[in-house]
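As a plain string of letters, each chain reads:
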Amino acid sequence: MANILSFIYLPLLEAFLFDSASSINCDKKRDNVQYTIKQHLFCNGYDPKIRPAKSEFDSINITTYAGLYSFDISEYRSLMSLQVNYYMHWQDSSLAWDASDWSNITTLNINNDEIWSPQFENINSDYEGQPSVSCLSPDCLLHEDGGISCSPVCRISAKCSSDYSRWPFNTLVCRMWFTNRDKELVDEVNFLPVITYLPSNHHLPTTKWCVTSVSSNKTQLSIPGATSRTVEDHRFFVSFFT
């Protein structure tokens, strides 16, 4: 788990060693090497609306980690309100550069709206068809090889059901589904199996509820009135301690 957390957070920590992301003005020159690299990358025909694949037949693979950031349980509504920190990584070879030509700069902080990024949503067990997710638009980190890392923090609602297999302990199983939001690109954008983890502070001292484990697996979800969709089934196992 330590290796996973290092893989997730160390690249993002690097971003704070550089200037914060700023929008690119292609007509304005600045005495700043990082800004000049961005102009070199983004002002020569780059279009953030175009999927960064070598051909229309290639898929973009999205590596995704999902970690529980905070949560709250409403027993009356059988609802878990949670914040999930997603870490996503993919490749965009058109945004690569040779660091030796640019003062050995290997990473750049960039705005999420300046690049193509994968669109996703979460569906709760009400099957209402409305995304139960609200995410902050994150700054992203661009690597010299064209690798892009973004880490949005999302507010999500997950419906819960009781699990009596561990009686007398009161246990809830709260479920939601992670899926590609762009239905026209379901074959062109491939979210790899999501890796879920719990940070060390998942049992908050101010609550009697404790998330004991998280699981995720890829499956097919049939929503009434809609076609079947490939989703990641996220399950949060929550126990009550007296």
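No experiment lies behind these values; they were computed from the predicted model shown.

Conventions and cut-offs
- Residues numbered from 1 in each chain as written.
- Predicted model: local features only at pLDDT ≥ 70, side-chain atom pairs only at ≥ 80, totals over all residues.
- Heavy atoms only, no water.
- Helix = DSSP H or I, 4+ residues; strand = E, 2+ residues; numbered from the N terminus.
- Buried < 20%, exposed > 50% of the residue type's maximum accessible area, 1.4 Å probe, protein only.
- Contact = heavy atoms within 4.5 Å.
- Areas by Shrake-Rupley, 256 points an atom, 1.4 Å probe, with all protein chains shown as cover.
- Phe/Tyr/Trp six-rings, centres within 6.5 Å; stacked < 30°, edge-to-face > 60°.
- Disulfide = S-S within 2.5 Å.
- Patch = residues over 30% accessible without salt bridge, like charges linked within 9 Å, V, L, I, M, F, W, Y side chains within 5 Å.
- Salt bridge = Lys/Arg side-chain N within 4 Å of Asp/Glu carboxyl O.
- Lys, Arg positive; Asp, Glu negative; His and termini not counted.
- Charge placed at Lys NZ, Arg CZ, Asp CG, Glu CD.
- pLDDT = per-residue confidence, 0-100.

1. Points about the overall build of the chain
For step 1, the next point in the chain: When its secondary structure is counted, the chain shows two helices and 13 strands.
For step 2, the next point in the chain: Counting over 242 residues, the chain shows a buried share of 43%.
For step 3, the next point in the chain: Across the chain, the fraction of contacts at a sequence separation of at least 24, relative to all contacts at a separation of at least 6, is 68%.
For step 4, the next point in the chain: Put simply, the chain shows about 13400 Å² of open surface, and 50% of that area lies on carbon and sulfur atoms.

2. As for the packing of aromatic side chains
For step 1, the next point in the chain: In this structure the tally under the stated criterion is seven aromatic pairs.
For step 2, the next point in the chain: Centre to centre, the rings of Y86 and F120 are 5.2 Å apart; their planes meet at 65 degrees, and the pair counts as edge-to-face. In this pair, Y86 sits in strand β2 (residues 79–91) while F120 sits in strand β4 (residues 120–124), placing the two residues 34 residues apart along the sequence.
For step 3, the next point in the chain: Relative to F191, the ring of F178 has its centre 5.2 Å away and its plane inclined at 85 degrees; by these criteria the two rings are edge-to-face.

3. Topic: the environment of E56
For step 1, the next point in the chain: Position of E56 relative to the elements: it lies in the loop between α2 (33–42) and β1 (60–74).
For step 2, the next point in the chain: C-alpha of E56 to C-alpha of E188: the two residues are 132 residues apart in sequence and 7.9 Å apart in space.
For step 3, the next point in the chain: Leave out the neighbours within four places in its chain, and E56 touches R51 and E188.

4. Let's talk about the state of the cysteines
For step 1, the next point in the chain: Summed over all chains, the structure comprises three disulfides.
For step 2, the next point in the chain: Sulfur-sulfur distance for the disulfide between C26 and C43 comes to 2.0 Å. Between C26 and C43 the disulfide shows an S-S torsion of about -85 degrees. By sign, it is left-handed. Of the two residues, C26 is situated in the loop between α1 (2–14) and α2 and C43 in the loop between α2 and β1; the sequence distance between them amounts to 17 residues.
For step 3, the next point in the chain: Bridging C160 to C174, the disulfide has an S-S length of 2.0 Å. With the S-S bond torsion at 100 degrees, the cross-link from C160 to C174 turns out right-handed. On the criterion of sequence distance, the pair formed by C160 in strand β8 (residues 153–163) and C174 in strand β9 (residues 171–180) is long-range, its members being 14 residues apart.
For step 4, the next point in the chain: A relative accessible area of 13% means that C160 is categorised as buried.

5. Concerning a negative patch on the surface
For step 1, the next point in the chain: On the surface, D98, D101, E144 and D145 cluster together into a patch of negative charge.
For step 2, the next point in the chain: For D98, a relative accessible area of 42% corresponds to the partly exposed category.

6. A closer look at unusual backbone geometry
For step 1, the next point in the chain: With a phi angle near 50 degrees, S78 is a residue other than glycine that sits in the positive phi range.
For step 2, the next point in the chain: As for its position among the elements, S78 is in the loop between β1 and β2.
For step 3, the next point in the chain: In this structure S78 comes out as partly exposed when scored by relative accessible area, which is 31%.
For step 4, the next point in the chain: For N104, which is not glycine, the phi torsion reads 60 degrees and is therefore positive.
For step 5, the next point in the chain: Inspection of the secondary structure puts N104 in the loop between β2 and β3 (107–111).
For step 6, the next point in the chain: Residue N104 is classed as exposed on the basis of its relative accessible area, which comes to 59%.

7. Brief notes about the confidence of the model for the chain
For step 1, the next point in the chain: Taken residue by residue, the chain gives an average pLDDT of 80. The fraction at 70 or more is 77%.
For step 2, the next point in the chain: Mean pLDDT values over the elements of the chain span from 48, in α1, up to 95, in strand β7 (residues 147–150).
For step 3, the next point in the chain: Below pLDDT 50 for its whole length, residues 13–20 participates in ten contacts with residues either more than four positions away or in separate chains.

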